[in-house]
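Examining the three-dimensional arrangement
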Amino acid sequence: MQGPLSAWLVKHGLVHRSLGFDYQGIETLQIKPEDWHSIAVISYIYGYNYLRSQCAYDVAPGGLLASVYHLTRIQYGVDQPEEVCIKVFAPRSNPRIPSVFWIWKSADFQERESYDMLGIYYDNHPRLKRILMPESWIGWPLRKDYIAPNFYEIQDAL
């Protein structure tokens with residue numbers, strides 16, 4: 001079953017994969033990193049004028065990293081705005097995704113946090129630098145295969 005955005009993208013020959021609907025009935029799509037910038041622009045033109053949130057997660061140890069965007073169509077006089085969730089998966093070896101800062105300014109700190117915690121590089125982001133960890137921090141703390149520097153288990157201290 002396709003949602004309205006997926007049907008529109010199919011009608012116009014744009015590559016994506018429908019992941020169905022979440023528990024709230026929100027359409028979820030998967031987009032390749034190389035297609036994300038053009039589909040983000042198209043989504044904005046289609047009416048998704050509000051980036052509700054952006055987050056990222058580590059799919060599996062040694063596996064893909066995912067950047068997740070929740071978009072909303074804000075319109076005057078509409079009680080239930082249309083929403084969509086877009087997931088962009090990137091390989092751990094070179095996690096690069098186009099930044100959508102130039103489309104939705106609210107992506108600024110959110111993409112920076114995803115970079116800081118998971119090491120996903122957002123191409124063309126104007127200030128992509130650490131936001132939570134010190135610049136000298138080594139590694140990406142929310143990756144499932146991350147080992148904290150100078151961390152000792154309690155059994156190692158005995």
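Residues numbered from 1 in each chain as written. Predicted model: local features only at pLDDT ≥ 70, side-chain atom pairs only at ≥ 80, totals over all residues. Heavy atoms only, no water.

Some details on the UniProt feature "domain: NADH:ubiquinone oxidoreductase 30kDa subunit" (unreviewed entry) in the protein chain
We apply this condition: UniProt positions are given in the numbering used here, feature names are shortened, and annotations may be inferred rather than shown by experiment. Secondary structure elements are defined from DSSP: runs of H or I of at least 4 residues count as helices, runs of E of at least 2 residues count as strands, and each element is numbered from the N terminus.
Sequence positions flagged by UniProt for "domain: NADH:ubiquinone oxidoreductase 30kDa subunit" (unreviewed entry) are, in local numbering, residues 30-148. What you have in residues 30-148 is 22% helix and 28% strand, and the ends, taken at the C-alpha atoms, are 31 Å apart.

Comments concerning helix 2 (residues 33-46)
Where we set the bar: Between the first and last residue of a helix there are one fewer steps than residues, each counted as 1.5 Å, and that sum is the expected span. Note that bend, as reported per residue, equals the angle between axes fitted to the 7 residues terminating at that residue and the 7 residues originating from it. Each residue is placed in one exposure class: buried if its accessible area under a 1.4 Å probe, protein chains only, is under 20% of its type's maximum, exposed if it is over 50%, and partly exposed if it falls in between. Residues count as neighbours in contact if any of their non-hydrogen atoms are within 4.5 Å of one another.
For helix 2, which comprises 14 residues, the first-to-last C-alpha distance of 20 Å matches the rise-based estimate of 20 Å (1.5 Å per residue) to within 8%. Within helix 2, the axis deviates most sharply at I39, by approximately 25°. Regarding helix 2, the residues found buried are P33, W36, I39, A40, I42, S43 and Y46. Its buried side turned inward, helix 2 meets helix 1 (4-11), strand 2 (27-31), strand 4 (65-72), strand 5 (83-90) and strand 6 (96-98). A positive phi of about 130° marks G47, the residue just after helix 2.

Side note on helix 3 (residues 107-118)
Taking 1.5 Å as the rise per residue, helix 3 with 12 residues should run 16 Å; its terminal C-alpha atoms sit 16 Å apart, in good agreement. Counting buried positions along helix 3 yields 10 of 12 residues, so the element is predominantly enclosed. Looking only at helix 3, the buried set comprises A107, D108, Q110, E111, R112, S114, Y115, D116, M117 and L118. Against the buried residues of helix 3 lie strand 3 (50-58), strand 4, strand 6 and strand 7 (121-123). Immediately downstream of helix 3, the backbone of G119 shows phi near 80°, a positive value.

Description of the pairing of strand 2
Rules: Note on pairing: DSSP must find at least two bridges between two strands before they are called paired.
Taken across its 5 residues, strand 2 has 4 buried, putting it largely inside the fold. Inspection of the sheet shows strand 1 (residues 17-21) paired to strand 2 by 3 bridges, in the antiparallel sense. Looking at strand 2, one finds that R17 is bridged to Q30. Two successive antiparallel strands, strand 1 and strand 2, enclose a turn made up of 5 residues, where G25 displays a positive phi of approximately 85°. Where strand 2 meets strand 5, 5 bridges bridge the pair, whose relative direction is parallel. Bridge pairing in strand 5 places T28 opposite C85.

Remarks on the pairing of strand 3
Bridge count between strand 3 and strand 4: 8 bridges; the pairing is antiparallel. Within the sheet, the bridge partner assigned to Y50 lies in strand 4 and is T72. Count of turn residues in the strand 3/strand 4 antiparallel hairpin: 6 residues, of which G62 carries a positive phi of about 80°.

What about the side chain of D58?
Quick reminder of the rule: Pairs of N or O atoms are called polar contacts if they sit within 3.5 Å, as long as, within protein, a hydrogen donor faces a hydrogen acceptor (for residues adjacent in sequence, only side-chain-to-side-chain pairs).
Mapping D58 onto the fold places it in strand 3. Taking relative accessible area as the criterion, D58 reaches 4% and is therefore assigned buried. There is a polar contact of 2.6 Å between the side chain of D58 and the side chain of R92. Not counting chain neighbours up to four residues away, the residues in contact with D58 comprise L64, L65, R92, L118, L142, R143, K144 and D145.

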